[in-house]
Amino acid sequence: MSPTLNSSSPLAPSSLGYRHRHLLGIEGLSAQEIGVLLDLSDGYVALSRSQSKKTALMRGLTVINLFFETSTRTRTSFELAGKRLGADVINMSVSWSSIKKGETLIDTAMTLNAMHPDVLVVRHPDSGAVKLLSEKVNCAVINAGDGSHEHPTQALLDALTIRRRRGSLAGLVVAICGDILHSRVARSNIHLLTTMGATVRVVAPPTLLPAAIELLGAEPFFDMRKALEGCDIVMMLRLQTERMHGSYVPSTREYFRFYGLDRDKLAAAKPDALIMHPGPMNRGIEIDSEVADDIDRSLIRAQVEMGVAVRMACLDMLTRDLRPNDAPRESAPAGGV
Ligand code: NCD
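Remember, predicted model here, so these are calculated numbers, not experimental data.

### Things to note about the pairing of strand E4 (residues 140–146)
Phase 1: Across the 7 residues of E4, 7 count as buried, placing the element largely inside the fold.
Phase 2: Alignment of strand E3 (residues 119–124) against E4, held across 5 bridges, turns out to be parallel. Each residue of the ladder has a partner; that of Val121, found in E4, is Ile142.
Phase 3: Read from E3 through helix H4 (residues 129–134) to E4, the crossover connection turns out right-handed.

Here's what the structure looks like:
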């Protein structure tokens, strides 16, 4: 792990212990830094549920969402998060940017940088592209997913969802199931959950489980029922077909039979085990509608709500030293569960 992964600027006094200029990954964040972001997010859940929903904390600041891959939840929630904090938010997607005309990633980044954004939120199909971009611009950068590498805000929102439901992450057994090989959600979640004291199991067919996944601190399984035995949380992942070159599963029907979550396989987990999925869901491939829509056990809708709050907390944290001391900081919500 690179100790500079998220860093490049000194600790700001208002940062509550978050020591980085960017948010490029969960790898390299301490339990305290993760805890601080989750506490701050809790306050933003309350604000988002209130009548007014807005603060002027980021008034005058500009957020650019730069998405080189499709997105529904992540892009929309970053946009909402920026707007609820009072920032000016601009959305750029590759389908109508000059990338289509042959401009390189770095040229696009330099062009946007010249417009003085305060935060760039970037999603890119190549692992490492967001870090590279962060080295070329002089604003804060948030990784909204880079290839199969990291998706830090997804792991934070998953953690917030679990923590609010279970009180703590420490001591829980979490099974992450599906296309681990291509999943940035799996990687970020493994880093976060193990850092916070949870036990992580990963389950996939041998073709979709990276070699040496144990080195990240996750216990590998090929048998879904064995992996789910005694689990508190079952996190399902989509087959990332857009990142697959060739055939990794015999058929989606056979995949569902062995690795799709249904009532029968869920019975191996704890009786009160909760179900998660980052979306988009492919019903009948990795998850059956009966469990996905179980209002007592599925946290899938709650995850979407937590996504806005977590992204507000991240934008707030990364712009603290840009805001003058007399900024309406008191309108920032208090942390705590
Ligand atoms: C995930 C992603 O983009 O990595 N989705 C998301 O951000 N909500 C997972 C996926 O696409 O399967």
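Read on for the rest.
### A word on the site of the ligand
Phase 1: Every residue near the ligand is listed here: Arg73, Thr74, Arg123, His151, Gln154, Arg184, Val185, Arg238, Gln240, Pro278, Gly279 and Pro280.
Phase 2: In this structure, Arg123 approaches the ligand through a side-chain N or O atom, which is 3.1 Å from an oxygen atom.
Phase 3: Contact distances for the ligand include 2.7 Å between an oxygen atom and a side-chain N or O atom of Gln240.
Phase 4: Protein chains shield 94% of the accessible area of the ligand, which is 320 Å² for the free molecule.
Phase 5: Elements with a contribution of two residues or more to the shell around the ligand: helix H2 (73–84) and helix H6 (184–195).
Phase 6: Along the lines of polarity and charge, the residues of the shell around the ligand split into 3 nonpolar, 5 polar and 4 charged.

### What about the sheet that holds strand E1 (residues 62–67)?
Phase 1: One open sheet accounts for 4 strands, arranged E2-E1-E3-E4; its pairing is parallel. Strands at the two margins of the open sheet, each flanked by one partner only, are strand E2 (88–93) and E4. For this sheet, the mean inter-axis angle between neighbouring strands, taken without regard to orientation, is 15°.
Phase 2: With 6 bridges joining them, E1 and E2 adopt parallel strand pairing.

### With respect to helix H11 (residues 300–318)
Phase 1: Between its terminal C-alpha atoms H11 stretches 27 Å, which fits the 27 Å expected from 19 residues at 1.5 Å a residue.
Phase 2: By the largest-angle criterion, Met306 marks the main kink of H11, which is about 25°.
Phase 3: Counting buried positions along H11 gives 15 out of 19 residues, so the element sits mostly inside the fold.

What counts, and at which threshold
- Residues numbered from 1 in each chain as written.
- Predicted model: local features only at pLDDT ≥ 70, side-chain atom pairs only at ≥ 80, totals over all residues.
- Heavy atoms only, no water.
- Buried < 20%, exposed > 50% of the residue type's maximum accessible area, 1.4 Å probe, protein only.
- Helix = DSSP H or I, 4+ residues; strand = E, 2+ residues; numbered from the N terminus.
- Pairing = 2+ DSSP bridges.
- Right-handed = clockwise from strand over helix to strand, strands pointing away.
- Near = heavy atom within 4 Å.
- Polar contact = N/O pair within 3.5 Å; in protein donor to acceptor, adjacent residues only side chain to side chain.
- Areas by Shrake-Rupley, 256 points an atom, 1.4 Å probe, with all protein chains shown as cover.
- Nonpolar A, V, L, I, M, F, W, Y, C, P; charged D, E, K, R; others polar.
- Axes fitted to C-alpha atoms, helices over the stretch in contact; angles between N-to-C directions.
- Expected span 1.5 Å × (residues − 1).
- Bend = angle between axes of the 7 residues up to and from the residue.

From the geometry alone we can't say anything about function, so treat these as descriptive.
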